[in-house]
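# Chains, contacts and geometry: an overview
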Amino acid sequence: GDVPRIPRDSRRRDSFRRSARSVASSKAPGRTRAMFRTVAAALARRSARHVVDATERRFSRFDALRRCRASDAFAASTRAGMCHDARALGPLPGDAEHAVSDVDKFLFDTNGFVVVKDVFSKDDLRAFHDAIDAHAHLIHERKGQLRLTAAKTPLSGDGKTGRKDLAGFLGWQKPHCDPFRSVLAHPKLVPYLHELVGPGYRLDHNPLLIMQDPGAEGFEFHGGSTLDSGDWNHPLGYDFRHGKMRCNLLAFAVHLTDVEEGDGGFCIVRGSHKSNYVCPPSIKRYEEATEHSYQPAVNAGDVVVFTEATTHGTLPWRGAAQRRNLIYRFSPANISYGRGAMDDGSYLAPAPNWPASYLEGMSEAQRCVMAPPYHPRLNRVAVRNDASGVAKPAPREAHKVDFDRAVFKADYF
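First, a word on what this report is: a plain description of the structure on this page. All values derive from a computational prediction rather than experimental measurement.

### Points about the overall build of the chain
- The secondary structure content of the chain amounts to 14 helices and 16 strands.
- Split into buried and exposed, the 413 residues of the chain put 47% on the buried side.
- For the chain, the proportion of contacts with a sequence separation of at least 24, taken over those separated by at least 6, is 77%.
- When the accessible area of the chain is evaluated, it comes to approximately 21,200 Å², of which 52% is carbon and sulfur surface.

Printed below as a string of structure tokens:
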């Protein structure tokens, strides 16, 4: 994989040589031109094996492309004939400077989650709590048929205190909406979204605040890579292909309060995102093999980033004060699990977007996360990796726009 793969067939090799010569004479970065010039020249007189040997001696592994800015790499790949789907899904400028660490990549691929420390400061946390306290009248407690656990089970808590839920905070009046909106495009979190979901990521579910008072019930374990039928749970799927992790549904558990070991709260079965078997009910109910269910100790301001393909749930709350935890879920640009971004509640009349109150006053970066699902190649605006703004795609070629207008009577098919 150190140099371009050389076709064995003579006709395909001739075509490859012409493409290499085209890049070598283009305005691509100097080392990229030099690499392809070496390939083209060697192909004219040597075997494919000699080409590989000669090029490997001259260039270290991926050195030419690593030294290019992302935009230069796009330009070079365009001249080499790369599909525009691939260009649209490629790295954004600045990705390398704000990359997820190798440690976190290993831990996420191995366990299905990683804890990102100190994302939110004490001032940030105060803003979250002040906004929640100002809207306490909107909190709903799950009682009776709305309880999430069966009576007298390991997850039922004291049997009386239900979980409390609160949503709609993206649409609260300023300044109360601001801390919640900051999660959408936060400089410490965007690199994880780009690494695990991809550029052009979008908010999939309506975010939710979960609160547990002392003694409150937990929530039976759910999610997972395998459905109860034994089929692959592809809407939540996790996969690793061509050197990249990808999550069809990625979640943030934003902890607004401290959680000590043994307190309860968020719990996850490590590595379950790769399981090929149905999770037994006894494990979902926290009755068996509990040593494999991990409840991380986290500080207020930490964020647990996890794939919904893991089997995860909530343990009863044993802490002395109320636990507060925000849940956000994100999906790739062209995938949707939830209906909140497109639906006004009626089957035949989808709304064009989220409620107007959610979008009013949002920054450009926050607003692009709220876009409905469609492929990045269709002029999708994406959050920059440092969350400083947005990366806007080059306009589609005029002849393609004109053709779509003529055929579909719209700018996009």
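Structure shown, so let's carry the discussion forward.
### Notes on helix H8 (residues 122-134)
- Taking 1.5 Å as the rise per residue, H8 with 13 residues should run 18 Å; its terminal C-alpha atoms sit 18 Å apart, in good agreement.
- The complete set of buried residues in H8 reads Leu 125, Phe 128, His 129, Ala 131 and Ile 132. With its buried residues spanning 160 degrees around the axis, H8 presents them on a single face. Among the exposed residues of H8, those oriented more than 90 degrees off its buried face are Lys 122 and Asp 123.

### Quick word on the pairing of strand E5 (residues 208-212)
- Counting buried residues in E5 gives 4 out of 5 residues, a clear majority hidden from the surface.
- Where strand E3 (residues 164-167) lies against E5, 4 bridges are found, and the strand directions are antiparallel. Within the sheet, the bridge partner assigned to Leu 166 lies in E5 and is Leu 209.
- Bridge count for E5 against strand E14 (residues 323-331) is 5 bridges, and the pairing is antiparallel. Of the residues in E14, the one forming a bridge with Leu 208 is Ile 327.

### Quick look at the packing of aromatic side chains
- Applying the stated criterion to the full structure yields 15 aromatic pairs.
- Plain terms: the ring middles of Phe 221 and Tyr 286 are 6.1 Å apart, the flat faces sit at 20 degrees to each other, and that makes the pair stacked. Here the residue Phe 221 occupies a position in strand E6 (residues 219-223), and Tyr 286 occupies one in the loop between helix H11 (281-284) and strand E11 (293-294), the gap between them amounting to 65 residues.
- Three or more aromatic residues link up through ring pairs in this structure, and these residues are Phe 120, Phe 128, Phe 169, Trp 172, Phe 180, Tyr 201, Phe 252, Tyr 328 and Phe 330.
- Between the NZ or CZ atom of Arg 270 and the centre of the ring of Tyr 294, over which it lies, the distance is 3.8 Å.
- Sitting over the ring of Tyr 374, Arg 380 keeps its end group 4.4 Å from the ring centre.

### Quick word on the environment of Ile 210
- For Ile 210, the location among the structural elements is in strand E5.
- When the C-alpha positions of Ile 210 and Ala 167 are compared, they lie 9.1 Å apart, and in sequence the two are 43 residues distant.
- Not counting residues within four places of it along the chain, the set of residues in contact with Ile 210 comprises Arg 163, Lys 164, Asp 165, Arg 323, Arg 324, Asn 325 and Ile 327.

### What to know about the side chain of His 273
- For His 273, the location among the structural elements is in the loop between strand E10 (265-269) and H11.
- Classification of His 273 as buried rests on a relative accessible area of 3%.
- Within the local environment of His 273, its side chain forms a polar contact with the backbone oxygen of Asp 109, the two atoms lying 2.9 Å apart.
- What His 273 contacts, discounting residues up to four positions off in sequence, is Phe 108, Asp 109, Thr 110, Asn 111, Gly 112, Ser 225, Tyr 238, Thr 307, Ala 309 and Thr 310.

### Digging into the pairing of strand E9 (residues 250-255)
- Most of E9 is tucked away: 6 of the 6 residues are buried.
- Every second residue of E9 is oriented toward a common face, with Leu 250, Phe 252 and Val 254 on one face and Ala 251, Ala 253 and His 255 on the other, all of them buried.
- Strand direction decides the pairing type here: E9 and strand E12 (residues 303-307), joined by 5 bridges, are antiparallel. Note that in E12 the partner of Leu 250 across the bridge is Thr 307.

The rules behind these values
- Residues numbered from 1 in each chain as written.
- Predicted model: local features only at pLDDT ≥ 70, side-chain atom pairs only at ≥ 80, totals over all residues.
- Heavy atoms only, no water.
- Helix = DSSP H or I, 4+ residues; strand = E, 2+ residues; numbered from the N terminus.
- Buried < 20%, exposed > 50% of the residue type's maximum accessible area, 1.4 Å probe, protein only.
- Contact = heavy atoms within 4.5 Å.
- Areas by Shrake-Rupley, 256 points an atom, 1.4 Å probe, with all protein chains shown as cover.
- Expected span 1.5 Å × (residues − 1).
- Arc of directions from axis to C-beta.
- Pairing = 2+ DSSP bridges.
- Phe/Tyr/Trp six-rings, centres within 6.5 Å; stacked < 30°, edge-to-face > 60°.
- Lys NZ or Arg CZ within 6 Å of the ring centre and 35° of its normal.
- Polar contact = N/O pair within 3.5 Å; in protein donor to acceptor, adjacent residues only side chain to side chain.

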